[in-house]
Each structure stands twice: as C-alpha cells, then as structure tokens.
Amino acid sequence: MHHDFRISVLVSSLLGLLTTCDAVRPNIVIILADDLGWNDVSFHGSDQFSTPNIDALAYSGVILQDYYTQPICTPARAALLTGRHPISNGMHHDVIYASQPWGLPLSERLLPQHLQSLGYMTHAVGKWHLGFYKAGYTPTQRGFHSFFGSWLGHQDHFKHTLGLKIHRQQKARYSTGYDMHRDLNVSWEGVGKYSADLYTEEAESVIHQHNLSRPLFLYLSHTAPHSPYQAPDHTIARMRHVTPKKRRIYSAMVTKVDESVGRVTQALKDKGMLNNSIILFLSDNGGSVAGHGGSYSSNWPLRGGKDTLWEGGVRAVGLIWSPLLTGTPRVHRGLFNVQDWLPTLLSAAGAPAYLKKGQIKTDGVNQWETLNGSERPPYESMLHNIDSVRKIAALRYKNWKLVIGRTYHGRYDSWLGKLSASRRDYTLDAVRDSFAGRAIHDSPASLPRPPVMLRLRKQASISCPSLPREDKSCKPHKNPCLFDIEKDPCELTDLAKSHPQLVRQMNAMLQKYRPVKPNNRRRDYRSYPHHWNNTWTNWGDLV
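Procedures and definitions
- Residues numbered from 1 in each chain as written.
- Predicted model: local features only at pLDDT ≥ 70, side-chain atom pairs only at ≥ 80, totals over all residues.
- Heavy atoms only, no water.
- Helix = DSSP H or I, 4+ residues; strand = E, 2+ residues; numbered from the N terminus.
- Buried < 20%, exposed > 50% of the residue type's maximum accessible area, 1.4 Å probe, protein only.
- Salt bridge = Lys/Arg side-chain N within 4 Å of Asp/Glu carboxyl O.
- Contact = heavy atoms within 4.5 Å.
- Polar contact = N/O pair within 3.5 Å; in protein donor to acceptor, adjacent residues only side chain to side chain.
- Axes fitted to C-alpha atoms, helices over the stretch in contact; angles between N-to-C directions.
- Parallel < 35°, antiparallel > 145°, perpendicular 65-115°, else oblique.
- Nonpolar A, V, L, I, M, F, W, Y, C, P; charged D, E, K, R; others polar.
- pLDDT = per-residue confidence, 0-100.
- Disulfide = S-S within 2.5 Å.
- Expected span 1.5 Å × (residues − 1).
- Arc of directions from axis to C-beta.

**Student:** Looking at this model, I keep getting lost on unusual backbone geometry. Mind explaining?
**Tutor:** Note: most peptide bonds trans; most residues except glycine with negative phi. Following Thr-243, the chain continues into Pro-244 via a peptide bond in cis, with omega recorded as -5 degrees. By the secondary structure assignment, Pro-244 is in the loop between α6 (233–237) and α7 (245–270). For Lys-391, which is not glycine, the phi dihedral falls at a positive 60 degrees. Taking the relative accessible area as the measure of exposure, Lys-391 reaches 63% and is therefore exposed. Non-glycine residue Lys-398 carries a positive phi angle of around 55 degrees. Secondary-structure assignment places Lys-398 in the loop between β16 (392–397) and β17 (400–404). With a relative accessible area of 42%, Lys-398 lands in the partly exposed category.

What follows is the structure in structure tokens.
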C-alpha cells in the first residue's frame, strides 16, 4: 500500500512538471471558412459589406498576401492537417463525396496527434470532409479529444441534411440523411439551428470548459459560406443593400462567420487565454464564382475561382494573429503554402527538437521565423497541383506561374465576381467596436492607429487594369500559359511565347514530381441514409 502511494506521488510530481512545461505552450486556434472568396473580406478592400472582426485580427497581426492552398475542400484540409502536399498521399483529385468509401490515409499522422504528444487538449468543431465510412477515419480517431459537427462536405445549414439521388427503374428519388455528430454518435441537439451559430457556441463552450493546466488546440471549421444559400432572416435583413439576392444571402453567411471570429476571440479573453494564443483565420480555397456549386463568392479582381488553378482558386484569405509574433502589424509578402502550417505551428508550440529529429513527415516548411520577420520567405518554387485525371497542373517558380489545362471546359477561367455598385462606407469604428476589436484592446497585439490600418488595407488590396471578359491569347488546354504573378496578379498577359526557354524549364520541373495514385473510390450504395435510420453513418463498419 505504501509502495503504491509512493508511486502515486511520483506520478503526480511528474505530471506537475509536464503541466508546467505545457502551460507555457501557446493555445492554437484555427478558424477555417468554407469557400470564402478573396474579395469577401473588407481588409482586402471590398466595401460591399464589412467583416470587422476578421479585419481587427488582420490589422493587428500578419496578413498573408501570398497565401496559397488547394483549389477544393478535401485536398486543402488534407494538406492543412498533414503538412503534406496532396500528391504525396493520393488526396489531390477531387473531393470525398458522401457515398464514397475512402478517406485521408490512416498512415498519415495529423497535426492534433502531434500536438497531443506535446500535451495539448485537442478539439474539432464543424466540417470534417476527410472521410467517415469507417470510424477510424473520423476526427476522434485522428487525434482530436472531442468532435462536434458534420462529417460531409456540405449540408442544409438548418436541417443539417444532405440527400442523394437514387435511380430505380427510370425513376429517381432522394435518400436524405442527417449529418451532425458528437464524437461518433449522431447528435440531434442542433436540428433547426443555424450551423455557424451551433459551431460558435460549441467553440465557446470548449474554451470556457478548458483546463488551463494544458494548452488548447481548437480547430473550428465552418460550413459557411459554402452553398446552399441560407442564413438567419435577421442577418439577411441587415444586408438589404447587397444585390443580387443570392449575393445578399451569401453576405449574410460571411457575416455569421465574422461574428464567430469575434465571439471566439472574446471567449479566449474571458478565459484569460488570449495573450498566450495564436489565432489563424483562413479560407480552405478560393471562392465559388458565377453560380459554380450554387455560390456567389467574389475573388475579384483575381482570375477564376474554386476548383481552378487560377489565382482565384488557389490564392486564399489568410492571416495570423498573436501577441507572440514580433514586427506586427504588417502585410507579409512571400509565398506561404497551406502545408506549411503543420511544421510552423509545431515550431511555435516549442517543439524545434521534435522537428529536427525528423519525427514528422512533411512537405511543408517551418515559417515561424519568417512570420516573425527574421527570415526570408523560403520558397523559390511551389507546386500548386498536378492532376493527371483532369490533365491540369500549375507551378510557381520565383515570380512566374505556369498553368496547364482547364476545368469545366474553361467556364470559370475568366474574371468573375465583380461586385454590384452597392457600397457602404468603410468605417474603422466598426472594427474597433467589434467583439474582436474590443477583446484585443488590452492585448500586446492591439489595433494600431487608424492611418496604419488604412495603410495595411491598401497594401492588402489588389488592383489591375481594366479586365477583359475573356482571354483570347491563353488556351492552357492546348499550350501552357505563363504569367509574371508579381507584376500581373490578375493573370492578364500570357508570356509563354516570349519566354519559351522558361516554359521548358518549368515543364521539366513539373515532370520531376511523382504524384501517387488518387485514393478516390466509386460510390457505395450501401452508404445511403435510408439504410441507416436516415442518417449518414460509418457504414463500412456495419455492413
């Protein structure tokens, strides 16, 4: 008995030492918007509607002007959580559809698993979209202590359902399933409540209940502003100046995401965690444009949109806020890839030895010192994607970008998403008075003076000459197109003919990449919700 008591005391002492070490590690919060366009945040210069909470973090942190991600949901999320380019693990072609039996390979070790090794409590809230046909692919089996949200790629924002067509004897009907889960169990608590509000309340609860002896990792992944177009009536009413109607509803969806950013920031302050926190606000990819997927985002004046390799598809909204950063606020110029977050955040969490010993498998680059302004951006070349199924590819080399192939027969290859004439005066008072603005007021990373905020906003905006309706010189499905992105971020002028040697060189660089076979699988009709009490479930474990 005395022996057991001594062991208990020793274990408690060791845990106390670990807790002391863990307590100095920063809390990490990632807030991910779904299909948010470049021009859908007001810190990039848009005046159609404002995003004051997001702007508050942008103007007091680091705006990532050259932040790149994958052009669609599943590959982007895979790269974010694995630190690996999707061509390395078969996640680079298309998304996981609800009835398909595949997911992010179980051989991959995810960011929350690494952070658990460092003593973190890890929680996921919102959209998953990395596989669920077997329980082993779901969040609580991939490094998260808890999960509340949806397993699928999109859903009705109030009913939390998704239906798929079933074709039987020339007739079609829908099999509609409910998709809201707490850990592995179906959760009915949110029926009729707007998803962004549900997720925000859950995130606030996670923060308020957090044990301060451990550092926190919170992954808040919204399903907004992804289609379908839905928002609370009172929020839509605030946007009555925005036209057309679908854009008005879309703006209300963005507003709910913006409010979420503010409420989460306020919750961190209320809990006494804010001054030792790192907050990321990101979009998973460029915004859907011109009705693609039912969406009315704006990436203006960038070319293209979601599911294209133009800048509007892969250049995304990105910022990082933290009192732990030096040299803020500023607009950071330098290539930053979504796969860089894993090594960067592990470094910020105080695990450089963990990185140097090669205990992680990553294609990303640790950019923590770069974000602190003490090192030059590391990229000379950066692969956007290679998809041999769709015969598309894009590569950055220094200031140059090579584009090969097209999607949707070029339907979204032009400059889309120009906003209506409806504008509202942009006021910095709204930024200061937002939840986030007030929360960070007493923080070491508080808002700067108004002239500084306006200067940052100007630096974070992109303007281009008058844009044509279509580019008749560039036909990437026939010949590669070449652009000088630093001088021509809107991809207006194809320079391939005047730089043939550079085109050959960049083509040769592309040939050196060896994408693995895509993981995609055909639909499995056994997945359909009418088999499972009208819910989406991990059917692969049950059949």
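**Student:** Looking at this model, I keep getting lost on the pattern of salt bridges. Mind explaining?
**Tutor:** Think of it this way: side chains of opposite charge can pair up when their charged atoms draw near. Under the criterion given, the structure shown has 23 salt bridges. We note a salt bridge from Arg-77 to Asp-34, for which the minimum N-O separation is 3.4 Å. Of this pair, Arg-77 sits in helix α3 (residues 73–82) while Asp-34 sits in the loop between β1 (27–33) and α2 (52–59), placing them 43 residues apart in sequence. Linking Asp-66 and Arg-333 is a salt bridge whose minimum nitrogen-to-oxygen distance equals 2.8 Å. Taken together, the positions of Asp-66 in the loop between β2 (62–64) and β3 (67–68) and Arg-333 in the loop between β13 (330–332) and β14 (336–337) put the pair 267 residues apart, joining distant regions of the chain.

**Student:** It is not clear to me how the environment of Gln-70 should be interpreted in this structure. Could you clarify?
**Tutor:** Inspection of the secondary structure assignment puts Gln-70 in the loop between β3 and α3. Residues Gln-70 and Phe-132, spaced 62 residues apart in sequence, show a C-alpha to C-alpha distance of 21 Å. With residues up to four places along the chain from it excluded, the contact list for Gln-70 reads Pro-75, Ala-76, His-85, Pro-86, Asp-284, Asn-285, Gly-313, Val-338, His-384 and Asn-385. A distance of 2.9 Å separates a polar side-chain atom of Gln-70 from the backbone oxygen of His-384.

**Student:** How should I be thinking about the side chain of Ser-195 in this particular structure?
**Tutor:** Relative to the assigned elements, Ser-195 resides in helix α5 (residues 195–208). For Ser-195, the contacting residues outside a window of four places in its chain are His-157, His-160 and Thr-223.

**Student:** Quick question: what am I supposed to make of the packing of α5 against α7 here?
**Tutor:** Packed helices, taken two at a time, are described by the angle between their axes plus the distance between the axes. Two elements in contact, α5 and α7, have axes separated by 9 Å at closest approach and are oriented at 10 degrees. By the angle between their axes, α5 is roughly parallel relative to α7. Each of Ala-196, Asp-197, Thr-200, Glu-201, Ala-203, Glu-204, Ile-207 and His-208 in α5 lies in contact with α7, whose residues at this interface are Lys-256, Ser-260, Arg-263, Val-264, Ala-267, Leu-268 and Asp-270. Among the residues forming the contact of α5 with α7, the class breakdown is six nonpolar, three polar and six charged.

**Student:** What exactly am I supposed to notice about the confidence of the model for the chain here?
**Tutor:** It should be kept in mind that the predicted coordinates are not to be read in detail where pLDDT is low. In this model, the chain carries a mean pLDDT of 92, and residues with pLDDT of at least 70 account for 93%. The low-confidence segment residues 1–21 (pLDDT under 50) makes one contact with residues lying over four places distant or belonging to another chain.

**Student:** Would you take a moment to explain the state of the cysteines for this structure?
**Tutor:** Formally, a disulfide is one covalent bond, and it connects the sulfur atom of one cysteine to the sulfur atom of another. Tallied over the full model, the rule gives two disulfides. Two residues share a disulfide in this structure: Cys-464 and Cys-490, whose sulfurs sit 1.8 Å from each other. As the torsion about the S-S bond is roughly 80 degrees, the Cys-464-Cys-490 disulfide counts as right-handed. Of the two residues, Cys-464 is situated in the loop between α14 (450–459) and β18 (481–484) and Cys-490 in the loop between β18 and α15 (500–511); the sequence distance between them amounts to 26 residues. Cys-490 gets classed as buried once you look at its relative accessible area, which sits at 0%. A sulfur-sulfur distance of 2.0 Å marks the disulfide that ties Cys-474 to Cys-481.

**Student:** What am I meant to see in α15 here?
**Tutor:** For an α-helix the count is 3.6 residues per turn, leaving residues at separations of three or four pointing the same way. Look at α15: 17 Å from first C-alpha to last across 12 residues, which is about the 16 Å you get at 1.5 Å a residue. What α15 keeps buried is the set Leu-502, Val-503, Met-506, Met-509 and Leu-510. Buried residues of α15, viewed axially, fall in a sector of 120 degrees; they line one side. Pointing more than 90 degrees away from the buried face of α15 are the exposed residues Gln-501, Arg-504 and Gln-511.

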